[in-house]
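# Remarks on the overall topology
Okay, here's what each chain looks like letter by letter:
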Amino acid sequence: MKVGERRKKVIIDTDPGTDDAMAILVALRSPELQVLGLTTTFGNVHTAVATRNALHLALGLDPSFPKKIGQIVLLGGAFSVNGNVNPAAESNMFGDPDAADIIFTCGADVLAVGINITHQVLLSDADREKLEHS
Ligand SMILES: *[C@@H]1O[C@H](CO)[C@@H](O)[C@H](O)[C@H]1NC(C)=O
């Protein structure tokens, strides 16, 4: 990143897991990103319903809300591989298909990173050690 360039401001909505932990670690150490905050979800029904309601709440108050978001980057979906819940479904999409529908149809710029990525980017013990000492 060159001097004077602005860091991209991001909010990370996360559930506990290795993939999320990796994303948070990389984001916090990235010179290109400024992590404004972390929000958490545990993937239970109450949280999924609350998230869906919040998205409904936000869109109802300001229909142009999706256009004001720079980009939504999400880890979810099984596009060219089997899912991790069943052969057709990935956990995040399976857990709250209504929220996924809202995200993909609200008009925001959405970048979906499918589960196939997690098959190729692995966190080794050596990587963990490197992170611990960096
Ligand atoms: C993951 O799957 C998508 C959709 O098929 C594909 O565009 C992308 O290149 C794949 N990524 C990797 C790392 O295999």
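Residues numbered from 1 in each chain as written. Predicted model: local features only at pLDDT ≥ 70, side-chain atom pairs only at ≥ 80, totals over all residues. Heavy atoms only, no water.

To keep it simple, the criterion reads: UniProt positions are given in the numbering used here, feature names are shortened, and annotations may be inferred rather than shown by experiment.
Going by an unreviewed UniProt entry, the protein chain carries the name Putative uridine nucleosidase 2 and comes from Dichanthelium oligosanthes. According to the UniProt record, the Sequence similarities (unreviewed entry) comment for the protein chain is "Belongs to the IUNH family."

### Examining the site of the ligand
In plain terms, the rule: Any residue with at least one heavy atom within 4 Å of a molecule or strand is counted as near it. N or O atoms closer than or at 3.5 Å make up a polar contact, with two conditions inside protein: a donor-capable atom paired with an acceptor-capable one, and, for residues adjacent in sequence, both atoms drawn from side chains. Only the protein chains shown count as cover for residues, and all accessible areas are computed by the Shrake-Rupley method using a 1.4 Å probe.
Phe79, Ser80, Asn116, Ile117 and Gln120 make up every residue found near the ligand. Within the side chain of Asn116, an N or O atom sits 2.3 Å from an oxygen atom of the ligand. Gln120 is positioned such that a nitrogen or oxygen atom in its side chain is 3.3 Å from an oxygen atom of the ligand. Across the complex, the protein chains shield 45% of the 360 Å² of accessible surface that the ligand would expose by itself.

### Quick word on the side chain of Glu90
Stated formally: To qualify as a helix, a DSSP run of H or I must reach at least 4 residues; to qualify as a strand, a run of E must reach at least 2; elements of each kind are numbered from the N terminus. Burial classes follow relative accessibility: with a 1.4 Å probe on protein chains only, a residue under 20% of its type's maximum area counts as buried, one over 50% as exposed, and anything between as partly exposed. Contacts are assigned to residue pairs that have any heavy atoms within 4.5 Å of one another.
Note on placement: Glu90 falls in the loop between β3 (72-75) and α4 (91-95). On the basis of relative accessible area, Glu90 is assigned to the buried category, the value being 6%. A distance of 2.9 Å separates a polar atom in the side chain of Glu90 from the backbone nitrogen of Gly77. Setting aside anything within four residues of it in sequence, one finds Glu90 in contact with Leu75, Gly76, Gly77, Ala78, Gly83, Asn84, Val85 and Ile115.

### A few points about the pattern of salt bridges
Stated precisely, the cut-off is as follows: What counts as a salt bridge is simple: a side-chain nitrogen of Lys or Arg found within 4 Å of a carboxyl oxygen of Asp or Glu.
Under the criterion given, the structure shown has 2 salt bridges. Across the pair Asp62 and Lys68 runs a salt bridge, and its minimum N-O distance is 2.6 Å. The class for Asp62 is partly exposed, based on a relative accessible area of 23%. We note a salt bridge from Arg128 to Asp125, for which the minimum N-O separation is 2.7 Å. Of the two residues, Arg128 and Asp125 are both situated in helix α7 (residues 125-132); the distance of 3 residues between them amounts to about one turn of the helix. For Arg128, a relative accessible area of 40% gives the class partly exposed. The exposure class assigned to Asp125 is exposed, which follows from its relative accessible area of 57%.

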